[in-house]
Amino acid sequence: MSARLSGPLLGLVGILLFLLIWEAVPRLGIVQERFLPRASTVLGRLVEYLGQQDFWTSVRETMVAWAVGLLISVTAAVVLGLVIGSSEFLRKATRSTIEFLRPIPSVALIPLAVLLYGAKLESSLLLIIYASFWQVLLQVMYGVADVDPVASDTARSYGLGFAARVRYVLWPTVLPYLLTGLRLASAVALILAITAELIIGSPGLGYQIGLNQAGGAVVEMYALIIATGMIGVLINFGVRFMERRVLSWHSSVRGELLA
Amino acid sequence: MSGKKRRKGDSLPARIGFSLGLPVLLIAIWWLSTVVSPSFFVPTPPELVQTFWETWVGPRFHTDLLPSVVRLAIGIVATIVLGVVLGVLIGSNRALRSLTEPIFEFFRAVPPPVLVPLLILIIGINDQMRIVVIVSGAIWPVLLNTVEGVRSVDSVLTDTGRTYGITGFARLRYLVLPAASPRIMTGVRQCLSISLILMVISEMFGSSSGLGFTIVLFQRSFAVPQMWSGIAVLGLIGIALSLIFQFTERRVLGWYLGQREVQRDQ
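Residues numbered from 1 in each chain as written. Chains lettered and ligands numbered in written order. Predicted model: local features only at pLDDT ≥ 70, side-chain atom pairs only at ≥ 80, totals over all residues.

**Q** An account of the overall build of chain A is needed here, citing residue identities and associated values.
**A** Scanning chain A from terminus to terminus reveals 11 helices and zero strands. For chain A, the succession of helices and strands along the chain, N to C, is α-α-α-α-α-α-α-α-α-α-α. Its C-alpha atoms give chain A a radius of gyration of 23 Å, clearly above 18 Å, the size a compact globule of 259 residues would have. Principal-axis analysis of the C-alpha atoms gives chain A an extent of 75 × 60 × 30 Å. Buried positions account for 37% of the 259 residues belonging to chain A. Residue pairs in contact within chain A that sit at least 24 positions apart in sequence constitute 72% of those at least 6 positions apart. (Helix = DSSP H or I, 4+ residues; strand = E, 2+ residues; numbered from the N terminus. Rg over C-alpha atoms; globule rule 2.2 N^0.38 Å. Buried ≥ 20, exposed ≤ 12 C-beta atoms within 10 Å, placed from the backbone. Contact = placed C-beta atoms within 7 Å.)

**Q** Explain the interface of chain B and chain A to me, using residue names and the numbers behind them.
**A** Contact with chain B, which involves 46 residues of that partner, is made by 46 residues of chain A. Going through the elements one at a time, α1 (12-36), α4 (94-109), α5 (115-123), α8 (168-204), α9 (211-220) and α10 (224-252) of chain B are the ones with two or more residues in the side of chain B that touches chain A. In terms of residue count, the dominant contributor to the side of chain B that touches chain A is α4(B) (10 residues). Its residues placed into classes, the side of chain B that touches chain A shows 34 nonpolar, 10 polar and two charged. (Nonpolar A, V, L, I, M, F, W, Y, C, P; charged D, E, K, R; others polar.)

**Q** Give a detailed account of the nonpolar core, specifying residues and quantitative values.
**A** It is characteristic of soluble globular proteins that their nonpolar side chains tend to be buried jointly. Residues and elements named next belong to chain A. By size, the foremost hydrophobic cluster in this structure holds 118 residues, and its most contacted members are Leu127, Ile128 and Ala189. Among the elements that line this core, the one with the most residues is helix α8 (residues 162-199), at 18 residues. Once residues within four sequence positions are removed from consideration, alanine 189 is found in contact with Trp66, Gly69, Leu70, Ile128, Ala131 and Ser132. (Core = buried A, V, L, I, M, F, W, Y, C linked by C-beta atoms within 7 Å.)

**Q** How would you summarise the packing of helix α3 (residues 59-91) of chain B against helix α6 (residues 127-151) of chain B if you had to cite specific residues and measurements?
**A** All names here are of chain B. Viewed as axis vectors pointing N to C, α3 and α6 meet at an angle of 35°, and their least axial separation amounts to 6 Å. Two packed elements cross with a definite hand, and for α3 against α6 that hand is right-handed. Taken together, the residues of the contact of α3 with α6 sort by class into 18 nonpolar, six polar and four charged. (Axes fitted to C-alpha atoms, helices over the stretch in contact; angles between N-to-C directions. Left-handed = near helix turned anticlockwise from the far one by under 90°.)

**Q** Could you give an account of α4(B), with specific residues and numbers?
**A** In this model, α4(B) (16 residues) spans 23 Å end to end at C-alpha, consistent with the 22 Å of a helix rising 1.5 Å per residue. Where α4(B) is concerned, the buried positions are B:Arg97, B:Ser98, B:Leu99, B:Thr100, B:Phe104, B:Phe107 and B:Ala109. (Expected span 1.5 Å × (residues − 1).)

**Q** Can you explain the environment of B:Gly235? Please cite residues and give values.
**A** Mapped onto the elements, B:Gly235 comes out in helix α10. Looking at B:Gly235, the number of C-beta atoms within 10 Å reads 17, which means it is partly exposed. For B:Gly235, the residues in contact, after removing those within four places along its chain, are A:Ile104 and A:Ala108.

**Q** Explain unusual backbone geometry residue by residue, including any values.
**A** Excluding glycine, most residues fall at negative phi; most peptide bonds, likewise, are trans. All names here are of chain B. Phi at phenylalanine 222 takes a positive value of approximately 55°, unusual for a residue other than glycine. Considering the arrangement of structural elements, one finds phenylalanine 222 in the loop between α9 and α10. A count of 11 C-beta atoms within 10 Å places phenylalanine 222 in the exposed class.

**Q** Mind laying out the packing of α8(B) against α10(B), listing which residues take part and the relevant values?
**A** To characterise two packed helices, one gives the angle between the axes of the helices and the distance between these axes. All names here are of chain B. The geometry of α8 relative to α10 is characterised by a closest axis approach of 11 Å and an angle of 165° between their N-to-C directions. Between α8 and α10, the angle falls in the class roughly antiparallel. Considering only the axes of α8 and α10, their crossing is right-handed. Contact with α8, carried on its side by Ser181, Met185, Arg189, Leu192, Leu196 and Val200, involves Leu234, Ile237, Gly238, Leu241, Phe245, Glu249 and Val252 of α10 and no other residues of that element. For the contact of α8 with α10, the residue count by class is nine nonpolar, two polar and two charged. (Parallel < 35°, antiparallel > 145°, perpendicular 65-115°, else oblique.)

Okay, structure coming up:
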């Protein structure tokens, strides 16, 4: 029992230790404060930010780009993944194209986005959608390929129609894969949302970080970087929580609970 | 993927047809649409090929393309080495693992591009900064997956190893690393795409050479075909990385992939 308790407790100790070192290093002059401000200063600034309207506007702008981009790419990827995955012909015919397009880094599209849309939400969306689409598409296709042929044949012999087969055979198999894809895509989408803001200048947290860097406001920059990290952690938690809820019937999650 | 259900197998012409059919169709559509209604934003295929050749096979190859690729390669190698070494150290020590886990999860969640302005501030704009950007952003998937892989080494294997007195380097080489390698490779795959993104971004910031810089320069001067050729170069690098990874994965994880296929067939 004590061994199980010590895990999270040690983690907490780890966080405190990290903050302590962060506080001590600039305080002792090992690193100059204009490069690494004290932890207390940065966290204090972050707390101040939390009470400011402007900060929340930036957060909202980033999160709107993230959510809209993710929604569009996931919807498109699920539909296409189910269609392509269910047909042997389509799977073979699209394979080379998918293998070719998927590794293209979405940041390569930055100049195109600037040219087409300028520093606006659409630019962020283009990058986010391109980056997260492939993650989900591939997972959905893996999922469709993983459908148990016996279950599929059984459903057919019992005369289940197309809709029923999708609902009771295909969907439960694909769902775990889809959620894995969603988890990967939601992290990538945040990265690209921040990137677009940082480089192109679409409004949001990344843009603010760029502004503070240009203005030499080091403390603000650190505080905002911590804020983006926290958003990343929250998104991660959110998706894992959802995974656990939606897949509560699935053996991977049930096994975790039993252990 | 499709490899696991290798039924009868298609004939060679059918395979070629399948892999070339859609790309040819797409290029035909692209060609036709740019010929029928020429657009400032989209060059025709021959135009792009010609520009690609003129732009990248020449002095730019040495001044912009090669340095970027070298930085990327150094960054990736450093990331993998550092990530695996640290991961093995942390993964083999239970207390250290618990101690670092939440903090590392946080670092992993920070979107890596925000490190670019930070590191510019600390290191300045130079090659070291660009490599450090790649390493500090891409190391987390390798590190955390290695930790997880080392942690979940099959306990029967661990006990057997201990019974036979296998310790030290032999234990690392023949037990820990192979057992963790599937997870390590997962981490490496994730780190590759992040590295490429970071290479480009680090060059888009206050730089005067490199792929990222050149592409932005083309875009700012409205050299549209050149810009597309730059996108194509990045795409080709991405594809090359993915091919190298697939090849390596098949070599390193051949035993594992085979084992899984057998398990799945049963």
